[in-house]
Amino acid sequence: MRLQKKPFRISSVNLYLTLFSFIVLLKLGYALWLSKLSRGHTRKYSYIGNDYPERWPIERSTVLMASDASNRYQFNTTDGKAEWASLVPGDGVVHLGKEQQPYTLSMVHQLRCLNILRAEIVRDRSTPGPGEYTELARHCLNYIKQMMLCRADAYLEPFWYDNHNGPIDLYSFYECKDWGAVYGEIKKNQEEYIKVAER
């Protein structure tokens with residue numbers, strides 16, 4: 001007696017499940033390949049003309065910042081003036097690319113503007129000089145406003161209706177990007193630029 005071979009048949013359900021599994025595995029493999037490719041490859045910029053990244057590609061971790069009503073950074077004391085000035089590292093400029101093109105960071109621009117606004121508030125207006133407010137102060141006020149709107153910080157600050165002296169609870173913690181890392185990278189960049197300029 002001869003055994004007769006049965007033709008191989010697959011049900012339509014099994015066929016669909018097999019094809020679906022194959023497509024899922026293919027997409028997963030492609031996603032992993034892209035992920036590996038993007039981690040191992042970073043675009044090089046010339047920093048000439050418009051060939052520069054939107055953000056300076058530096059590492060910044062997340063840190064907590066305690067909000068407080070500090071007595072530092074007074075408006076018109078000698079120490080306060082020095083503290084405000086020290087917020088901008090060096091001249092605040094970083095030099096990037098082979099051609100050492102100058103850039104400023106938004107954070108530095110904002111800090112510089114706060115100091116300009118501070119100086120405008122305490123400026124002696126009894127002597128002849130420019131109008132009531134300078135164009136630079138007007139620029140800075142508008143720039144700070146734009147940056148606040150751009151960040152659209154939706155952090156909730158509790159409001160205490162029964163306290164008219166300090167209705168906002170300022171004694172909380174904010175989750176922030178590590179500004180210390182930014183200062184460190186700016187200082188490192190400025191030191192390297194000085195070495196290149198001295199050659």
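Each remark here, short or long, concerns the structure printed above.
Per chain, the residues get numbers from 1 upward, laid out in the order the sequence is written. In view of the model being predicted, local features appear only for residues whose pLDDT reaches at least 70, and side-chain atom pairs are presented and counted only at 80 or more, with totals across whole chains, interfaces and linings using the full set of residues. Side-chain calculation: all heavy atoms of the structure are included, whereas hydrogens and water are not.

Help me understand the environment of Tyr52 in this model?
Relative to the elements of secondary structure, Tyr52 occurs in the loop between helix H1 (12-40) and strand E1 (62-66). Exposure classes here rest on a 1.4 Å probe applied to the protein chains alone. A residue is buried below 20% of its type maximum, exposed above 50%, and partly exposed in between. Taking relative accessible area as the criterion, Tyr52 reaches 38% and is therefore assigned partly exposed. When the C-alpha positions of Tyr52 and Gly97 are compared, they lie 9.0 Å apart, and in sequence the two are 45 residues distant. Any two residues whose heavy atoms approach within 4.5 Å are treated as being in contact. Apart from residues no more than four positions distant in its own chain, Tyr52 is found in contact with Tyr45, Tyr47 and Tyr103. Only runs of H or I of at least four residues qualify as helices and only runs of E of at least two qualify as strands under DSSP, and these elements are numbered from the N terminus.

Quick question: what am I supposed to make of the layout of surface pockets here?
Picture a little ball the size of a water molecule; that probe, rolled over the atoms, points out where space is still empty. Throughout, the protein atoms alone are placed on a 1 Å grid, and a set of points is a cavity if a 1.4 Å probe fits but cannot get out or a pocket if it is open with protein on both sides within 12 Å along at least five of seven lines; lining residues have an atom within 4 Å of a point. Grid points are joined across faces, edges and corners, and a volume is the space filled by probe spheres set on the points. Roughly 2400 Å³ of internal volume is contained in the largest pocket. Lining the largest pocket are 43 residues, and of these Met107, Gln110, Leu111, Arg151 and Trp179 sit closest to its centre. Estimates place the volume of the second largest pocket at around 240 Å³. Residue lining of the second largest pocket: 13 residues in total, with Trp56, Leu96, Glu185, Asn189 and Glu192 positioned closest to the centre. Listed by contribution, the elements that provide at least two residues to the lining of the second largest pocket are strand E2 (93-96) and helix H5 (179-198). Sort the elements by how many residues they give to the lining of the second largest pocket and H5 lands first, with six residues.

Would you explain the pairing of strand E4 (residues 173-177) in this entry?
For a regular strand, the rule is simple: side chains alternate between the two faces of the sheet. Judged by which residues are buried, E4 turns out to be one-sided: Tyr174 and Cys176 face inward and are buried, whereas Phe173, Glu175 and Lys177, on the alternate face, are not. Sheet topology note: the E1/E4 ladder contains five bridges and is antiparallel. Each bridged residue has a counterpart across the sheet, and for Thr62 the counterpart in E4 is Lys177. Only when DSSP finds a minimum of two bridges between them are two strands counted as paired.

Help me understand the pattern of salt bridges in this model?
Side-chain pairing between opposite charges can occur once the charged atoms of the two side chains come close. The term salt bridge refers to a side-chain nitrogen of Lys or Arg lying within 4 Å of a carboxyl oxygen of Asp or Glu. The final tally for this structure, using the stated rule, is five salt bridges. Between Arg43 and Asp51 there is a salt bridge, with its nearest N and O atoms 2.7 Å apart. The partner of Glu54 in a salt bridge is Arg55, and the shortest N-O contact between them spans 2.6 Å. The pair Glu54 / Arg55 is uniform in exposure class, with both members exposed.

Looking at this structure, how should I read the pairing of E2?
Strand direction decides the pairing type here: E2 and strand E3 (residues 101-104), joined by four bridges, are antiparallel. Within E3, the position partnered with Val93 by the bridge is Thr104. The turn joining E2 and E3, which pair antiparallel and follow one another in sequence, is formed by four residues; a positive phi near 80° is taken by Gly97.

I tried to follow the state of the cysteines on my own but got confused; where do I start?
Note on terminology: disulfide describes a covalent bond linking the sulfur atoms of two cysteines. The rule for a disulfide is simple: a pair of cysteine sulfur atoms within 2.5 Å. Counted according to the given criterion, the structure contains one disulfide. The disulfide partner of Cys113 is Cys140, and the gap between their sulfur atoms is 2.2 Å. Judged by the sign of its S-S torsion, about -70°, the cystine formed by Cys113 and Cys140 is left-handed. In this pair, Cys113 sits in helix H3 (residues 106-122) while Cys140 sits in helix H4 (residues 135-151), placing the two residues 27 residues apart along the sequence. With respect to burial, Cys113 and Cys140 carry one shared label: buried.

Explanation requested: the side chain of Arg118 in the structure shown.
As for its position among the elements, Arg118 is in helix H3. Only four residue types enter the charge count: Lys and Arg as positive, Asp and Glu as negative, with His and the chain ends excluded. An unpaired buried charge is present at Arg118: no salt bridge exists, and Glu83, the closest side chain of opposite charge, is 9.3 Å distant. Apart from the residues within four sequence positions on either side, Arg118 is in contact with Gln74, Phe75, Lys81 and Trp84.

Please clarify how H4 should be interpreted in this entry.
Residues lying three or four places apart along an α-helix face the same way, a consequence of the helix completing one turn every 3.6 residues. Helices are assigned an expected span. That span is 1.5 Å times one less than the residue count. Under the 1.5 Å per step criterion, the end-to-end length of H4 is 24 Å for 17 residues, consistent within 8% with the ideal 24 Å. If you follow the buried residues of H4, they end up packed against H3. One or two steps after H4, the chain reaches Ala152, where phi turns positive at roughly 45°.

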